[in-house]
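# A look at the structure
Below are the chains, spelled out letter by letter.
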Amino acid sequence: NNPDETLSEKELDNYFKEYEDRGVGYYLTFTNYKNTEIDSYTEQILNRCYREGNGVIVASEFIKSYIKSNYPEFRIIDSVTEIDNNIDSVNNKTSNNLQVLKVDYNNNWEVLNSLKNKENIIILVNEYCIPNCPKKREHCDAYCDYNLRLTDEIFECPYATTIKSEEMADFLQKRTHFVPREIIHQYQKIGINHFKIQGRAYSCYMALQAYEEHFKK
């Protein structure tokens, strides 16, 4: 989360090679919707990762347009943090981009069934934030500002959970927008087959808990 922290070219190459050696594609996360420029470090990452099967998660029209023009083979995924992420705007999209759906619609079968392009929808299964969080946009704005070095302040959400990591699994089960492994087939039945586990903003322990929950047999 340090905006001044960068990796050397060798470090980047080793990092991405770990995925490539295993035949795993990946999506770069470029979700700062306040960003209006592509710097040399970003360009370096884009060039290094421009491979079949990889993509970029975006939240701004500027980044989206730049990727389409300069890296047309990248798959574009519209981020959950995209400002216009309501059902009407999702249904009115004319592109074939994948779309991470607003988590407040999770498990709302009336809304989910009304989606027109279900094959392009990604469901974020383990959102830690509260449903319909009134601070969500403020939090995203502050995070964008921090990473653009527009502020040194770290946003403190009044709704942030303070529970221990080892209690997270039970905690998530009580969230109305949590999607447990047991109901994934209900999404697939209506044509939604893309799912996302988040964890990069949390501890490795919490991320591993999410993987265990959704991949255990």
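In what follows, the structure referred to is the one given above.
Residues numbered from 1 in each chain as written. Predicted model: local features only at pLDDT ≥ 70, side-chain atom pairs only at ≥ 80, totals over all residues. Heavy atoms only, no water.

Glancing now at the pairing of strand E3 (residues 75-78). Examined bridge by bridge, strand E2 (residues 55-58) and E3 share 4 bridges and lie parallel to one another. Directly across from Val58, in E3, lies its bridge partner Asp78. Taken together, E2, helix H3 (residues 61-70) and E3 form a β-α-β motif whose crossover is right-handed. Bridge analysis of E3 against strand E4 (residues 98-100) gives 2 bridges, and the strand direction is parallel. Across the sheet, Ile77 pairs through a bridge with Leu98, a residue of E4. (Pairing = 2+ DSSP bridges. Helix = DSSP H or I, 4+ residues; strand = E, 2+ residues; numbered from the N terminus. Right-handed = clockwise from strand over helix to strand, strands pointing away.)

Another point: a nonpolar patch on the surface. A contiguous nonpolar surface patch, about 270 Å² in accessible area, is contributed by Tyr15, Tyr19 and Val24. In this fold, Tyr19 is placed in helix H1 (residues 9-20). (Patch = residues over 30% accessible without salt bridge, like charges linked within 9 Å, V, L, I, M, F, W, Y side chains within 5 Å. Areas by Shrake-Rupley, 256 points an atom, 1.4 Å probe, with all protein chains shown as cover. Salt bridge = Lys/Arg side-chain N within 4 Å of Asp/Glu carboxyl O.)

The next subject is helix H6 (residues 136-147). Structural remark: α-helix, 3.6 residues per turn; residues separated by three or four positions point the same way. In this model H6 runs 17 Å from its N-terminal to its C-terminal C-alpha over 12 residues, within 8% of the 16 Å that 1.5 Å per residue would give. Every buried residue of H6 is accounted for by Cys140, Ala142, Cys144, Asp145 and Tyr146. Downstream of H6 by one or two residues, Arg149 has phi in the positive range, about 65°. (Expected span 1.5 Å × (residues − 1). Buried < 20%, exposed > 50% of the residue type's maximum accessible area, 1.4 Å probe, protein only.)

Counting through the fold element by element, Asn120 comes out in the loop between helix H5 (109-114) and strand E5 (121-124). Looking at Asn120, the relative accessible area reads 10%, which means it is buried. Along the backbone, Asn120 and Leu98 are 22 residues apart, and their C-alpha atoms lie at a distance of 4.5 Å.

Positive phi outside glycine occurs at Asn107, with the angle close to 65°. Note on placement: Asn107 falls in the loop between E4 and H5. Here Asn107 falls in the partly exposed class, since its relative accessible area comes to 22%.

The next point concerns helix H2 (residues 40-49). Within H2, burial applies to Thr42, Ile45, Leu46, Arg48 and Cys49. The arc that holds every buried residue of H2, seen down its axis, measures 165°, which confines them to one face. Next to the buried residues of H2 lie H1, strand E1 (27-30), E2 and H3. (Arc of directions from axis to C-beta. Contact = heavy atoms within 4.5 Å.)

Reading across the sheet, the 6 strands line up as E1-E2-E3-E4-E5-E6 and stay open at both edges, with parallel pairing between neighbours. The sheet terminates laterally at E1 and strand E6 (194-196), the two strands that pair on one side only. Across this sheet, the average inter-strand angle for adjacent strands is 25°, counted without regard to direction. Pairing of E4 with E5 involves 2 bridges; the strand directions are parallel. Across the sheet, Gln99 pairs through a bridge with Ile121, a residue of E5. (Axes fitted to C-alpha atoms, helices over the stretch in contact; angles between N-to-C directions.)

Packed helix pairs are specified by the crossing angle of their axes together with the interaxial distance, meaning the distance between the axes. Two elements in contact, H1 and H2, have axes whose closest approach is 11 Å; the angle formed by their N-to-C orientations is 35°. Relative to H2, the crossing made by H1 is right-handed. The residues of H2 that touch H1, namely those facing Glu9, Leu12, Asp13, Phe16, Lys17 and Glu20, are Tyr41, Gln44, Ile45, Arg48 and Cys49. (Left-handed = near helix turned anticlockwise from the far one by under 90°.)

Summed over the entire model, instances satisfying the criterion amount to 9 aromatic pairs. Ring geometry for Tyr15 versus Phe16: centroids 5.3 Å apart, planes at 80°, classification edge-to-face. Since its relative accessible area comes to 45%, Tyr15 is described here as partly exposed. Of the residues examined, Phe16 reaches a relative accessible area of 6% and is grouped as buried. Ring plane angle 55° and centroid distance 4.7 Å describe the contact between Trp109 and Tyr187, whose orientation is recorded as tilted. Here the residue Trp109 occupies a position in helix H5, and Tyr187 occupies one in helix H8 (residues 184-189), the gap between them amounting to 78 residues. Under the relative-accessibility criterion, Tyr187 is labelled buried at 0%. (Phe/Tyr/Trp six-rings, centres within 6.5 Å; stacked < 30°, edge-to-face > 60°.)

Everything listed here is a matter of geometry and, on its own, says nothing about what the molecule does.
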